[in-house]
Amino acid sequence: MNKRVSNDADSRMRTLVLIGVLLLLALIFPMVSNPRVMNFAILGLVGAILTLGLNICFGYCGQINFGSGGFFAIGGYCIALLEESLHTPFVFNLLAAAIFGGVITLLMSMFLVRLRGHSLALGTFAFSLAIYTSVAKGFKSFTGGEDGIRLAPLVLWHETTASDTFYYYLIVAVLAACCWLSWTLRRSRVGRAMLEIAQNEVAAASFGVDINKYLRLALVLNGVIGAVAGGIFVKWAGWISPEYFNIMSNFTPVLSLVVGGVGNIAGAVVGGIFIHILPTLMIGLAEFSTLIYGVILCVFLLFLPRGIIGELQQRYYNRGIIRNVNKVAGE
Amino acid sequence: MMSLLRIESISKNFGGLQALSDISLEVKEGSISALIGPNGSGKTTLFHVISKIIPHDSGKIFFAEERIDHLPAYRITGRGIARTFQIVSLFREASVWENVASGAFSRTKAEILPILFRLPSMRSEEKQIKERTMESLGFLGIEDLADRPAGMLPIGQQRLIELARGLVSDPKLLLLDEPLSGLNPRESDLLQEKIIEIRNRGITILFVEHEMKSVMRLAERIAVLNFGKKIAEGSPHEIRNDPQVIEVYLGKEVGIA
Amino acid sequence: MELFIVTTIAGLCTGILYGLVGLSFMAVYNASKIINFSQGALGMMGAFVGYLFVFNEKIPLPLGILLVAAIPIVCALGINSFLAEPLVKRNFPPITVMLITLGGTLILEGATGLATRFSWFKTSFVFGRTPLKWGLVRISPQYAAILIATIVLCVGYWVFVNRTKMGLGIRAAGTDAYMAALVGIKLRRTRMLAWCISAGITGIAGFLIAPLMLSSALMGMPVVVNGFIAAIIGGFGKPMAALVGGIALGLLTQFFTGYISAGFGEILVFIALIFVLAFRPQGIMGVLE
């Protein structure tokens, strides 16, 4: 295999142009769409944010975690409860949700990073289920249990109520921030350390990487991003209940990464949008979603382990050796 | 010359097998020393104990007169010890550049916040990392390979990459575990030249080798292990004539001459 | 006193369920280094088969029990042959194989959910409802059946793994696959065997527990987690230890639910996991390396 990176300046130019076009499309999107499509877009983009969060853990450190639903719940309930009890403004609540999400994830990860691989995956799954059942049953009096909590619509400057378009732009901004975080992380010593953890722990430790510390960091980043996504989504929906983070919500980001391409920012976004829009696209066939998710996961793992974006890059773009890293196939 | 690495009475038992028995050793600063012995004598185990990949049962290790055996593995490089591995341990899916750059991790410190905001401190660190990596690659003559995936390359080049990675960490002591194994004569000679050059730059070297000619040629002091015990230590001449050593190696095809 | 006994028995039985699932996990893991995420779904299949054929008394009980074990075994064989093995053959890392078993789980649960419209299965107490009396102890026949079945299954499993040639093959393949292959053990067949055994055990466990909890297509998920945690708490890698871990978990959650308050089941399990990881990571019966 004698691959080389194509001329740096050329490919950088190409990528910048691509990003510029995408940003432009994203910005003008609300003007050309209708409310139903906006709904889809918001769902899909929130899913993309969750997937980007997971990507840091799975795509960079190589550790699957099934805690996405839990992180989402922490953020959502934080916003809802703060609003209900303290009547603090949304901005404050969102910040608090991010911090709270980070703290809880940090506490959880201090114990769980002893585990690796499947044990970590199931440990984080247990975490998520614990949050789900405590919220749904255990702390019913605080959280309203299955009935959930109503949230007030967001009021902006000039006393106008936030529209879907506002939320759309907010979410796009958060998504862009997450993409930026992933991008710069990937190109830094910490990002390289995370990739090393995924490939060879002994060598990584021998060259100064405190593995537990960076796994915790990856989980915390995942937690914070998940909490922020949850907070914004819940405020948009105007309502929170355990419905929003049922068991499948822990799997959809993982599925999104497999479909899009593990370790790949574009893959995370594309996969995230696709997988999270899917149930709403299948009008009337909602009951089939679990089955279809299962089939998609199996098909991709068997035939397209690099994911859509990964395969495309491999064949056509052919850029950068690192993009050909196939976490899923362990190549 | 002061003693850079001092090992005192290190023992390690693996569920009944005494891999290391009361090993004591000293490596003087600025020297090239060798650790030899038949297969299974404990040489790689000793390296693993020094770099804290496995814990030891008893004994102490001093580096530059400071005790290091209580440190976790990831702190050892920061003190100035770098190593290569008997079975090449590169990051197979990463590029050669990323592999070698990983050596700089212990010498840099940008964490998540400077990275997130791409602060000048982080950017200048990255620049430094790039420079040192390319310098190290250039020193070993493999700068052309920088963008290739490391896992795909032949073993000769992989060993050079491991060495380059070790050098980037700016070590005072370099532990090389069978650096010449799997190399053809030309590659082996080249690497031996590089080892001497490295020592001349002021880096102390302790290496494990089976290939006796290179050991006799490079090493100023040799320690011999057998079944986890040190059976001899001295200059190449002394070792060559030590009756215990001769007996241990009797029957081997590669003679000590 | 009455409450204590009832709670203990309930804890024992739910704990045994987790323990059996944990045992199944370890059986497959020891043979193939893979965690079979579909373990819970296989248990659900046992309950589902019960719902289809046994609880409504369409077929005689002995045949029903056979089916309850057989159909999950068939499902497991399907997942193993069509999903897991192709990845194992290509040397994918075990975590990825676990992902595809998650895919298999979603397919099983999705299909079953479609058939049942994702609502609860109707179950019935096939062993009758009159409690058996034994001194101070009154025990429902269902619980008695669970206890008896567990003893039978565990003894059977132990005997098989430790006293038969095939069982030895499984243990050998788990310890050192390369050596096992060298001495002629057919690895793939051994893995299939381990999967089948674990599927049979879980299927029966699911069938037995179904009347005692709300059974639906998705009931397998919490069971997967709890079974796995039971295995960790008992001592990762040892099938019998998983039973101990499961019983500990079951008793813990039942006592909390019975004496303090309900609804904290999962969080207790998680806290138990954290506790074990923090203070005794090798598990109750494990050995610290």
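Whatever comes next refers back to the structure up there.
Residues numbered from 1 in each chain as written. Chains lettered and ligands numbered in written order. Predicted model: local features only at pLDDT ≥ 70, side-chain atom pairs only at ≥ 80, totals over all residues.

A. Representation of the overall build of chain C within the structure. A count of helical and extended segments in chain C gives 11 helices and 2 strands. Computed over its C-alpha atoms, the radius of gyration of chain C comes to 19 Å, within 12% of the 19 Å expected for a compact globule of 289 residues. Here chain C holds 289 residues, and the buried ones make up 54% of them. Sequence separation of at least 24 residues holds for 74% of the intrachain contacts in chain C that already meet a minimum separation of 6. (Helix = DSSP H or I, 4+ residues; strand = E, 2+ residues; numbered from the N terminus. Rg over C-alpha atoms; globule rule 2.2 N^0.38 Å. Buried ≥ 20, exposed ≤ 12 C-beta atoms within 10 Å, placed from the backbone. Contact = placed C-beta atoms within 7 Å.)

B. Seen up close, the pairing of strand β8 (residues 204-208) of chain B. Residue and element names in this part refer to chain B. Buried residues dominate β8, accounting for 5 of its 5 residues. Every second residue of β8 is oriented toward a common face, with Thr204, Leu206 and Val208 on one face and Ile205 and Phe207 on the other, all of them buried. In this sheet, β8 lies alongside strand β3 (residues 32-36) in parallel orientation, the contact comprising 4 bridges. Bridge pairing links Leu35 to Val208 in β8. With 5 bridges connecting them, strand β7 (residues 173-177) and β8 associate as parallel partners. (Pairing = 2+ DSSP bridges.)

C. Layout of the environment of C:Thr101. Residues and elements named next belong to chain C. Inspection of the secondary structure assignment puts Thr101 in helix α4 (residues 94-116). Distance in space between the C-alpha atoms of Thr101 and Ala70 is 19 Å, their sequence separation being 31 residues. Aside from chain neighbours lying at most four places away, what touches Thr101 is Asn36, Phe37, Ser38, Ile79, Leu83 and Ala84.

D. Representation of helix α7 (residues 185-200) of chain B within the structure. Under the 1.5 Å per step criterion, the end-to-end length of α7(B) is 23 Å for 16 residues, consistent within 8% with the ideal 22 Å. Following α7(B) by one or two positions, B:Gly202 has its phi on the positive side, about 105°. (Expected span 1.5 Å × (residues − 1).)

E. Summary view of helix α5 (residues 120-139) of chain B. In this model α5(B) runs 28 Å from its N-terminal to its C-terminal C-alpha over 20 residues, within 8% of the 28 Å that 1.5 Å per residue would give. If you check which residues of α5(B) are buried, you get B:Met122, B:Glu125, B:Ile129, B:Arg132, B:Thr133, B:Ser136 and B:Leu137. Looking straight down α5(B), one finds its buried side chains confined to an arc of 135°; they lie on one side. Projecting away from the buried face of α5(B) at angles above 90 degrees are the exposed residues B:Pro120, B:Ser124, B:Lys127 and B:Glu131. Looking at the buried positions of α5(B), the neighbouring elements they touch are α8 (189-199) of chain A together with α3 (96-101), α4 (112-116) and α6 (155-168) of chain B. (Arc of directions from axis to C-beta.)

F. The environment of B:Thr204, seen in detail. All names here are of chain B. Examined against the element boundaries, Thr204 turns out to sit in strand β8. Of the residues examined, Thr204 has 23 C-beta atoms within 10 Å and is grouped as buried. Not counting the four nearest positions on each side in its chain, Thr204 is found in contact with Leu4, Val27, Glu29, Gly30, Ser31, Lys172 and Leu173.

G. Structural view of unusual backbone geometry. Its identity as a non-glycine residue notwithstanding, B:Lys52 has a phi of 65°, on the positive side. Positive phi is not limited to glycine here, since C:Asn91 has a value of about 65°. Mapped onto the secondary structure, C:Asn91 falls in the loop between α3 (61-89) and α4.

H. Just the interface of chain A and chain B, in detail. Listed per partner, the contact involves 28 residues of chain A and 34 residues of chain B. For the side of chain A that touches chain B, the elements supplying multiple residues, two or more each, are α7 (164-186), α8 and α9 (201-206) of chain A. If one sorts the elements of the side of chain A that touches chain B by residue count, α8(A) sits on top with 7 residues. Across the side of chain A that touches chain B, the residue classes break down as 16 nonpolar, 6 polar and 6 charged. (Nonpolar A, V, L, I, M, F, W, Y, C, P; charged D, E, K, R; others polar.)

I. Representation of the packing of helix α1 (residues 2-32) of chain C against helix α5 (residues 141-163) of chain C within the structure. All names here are of chain C. Here α1 crosses α5 at 40°, and the two axes come no closer than 10 Å. Classified by the angle between their axes, α1 and α5 sit oblique to one another. When the axes of α1 and α5 are compared, the crossing they make is left-handed. Listed contacts from α5 to Ile9, Cys13, Ile16 and Leu20 of α1 are Tyr143, Ile146, Thr150 and Leu153. Across the contact of α1 with α5, the residue classes tally to 7 nonpolar, 1 polar and no charged. (Axes fitted to C-alpha atoms, helices over the stretch in contact; angles between N-to-C directions. Parallel < 35°, antiparallel > 145°, perpendicular 65-115°, else oblique. Left-handed = near helix turned anticlockwise from the far one by under 90°.)

J. Main features of the arrangement of the chains. The highest contact count of any of the 2 pairs of chains in contact belongs to chains A and C. Nothing in chain B touches chain C, and the closest approach of their C-alpha atoms is 10 Å.

Everything listed here is a matter of coordinates, which is why it stays silent on function.
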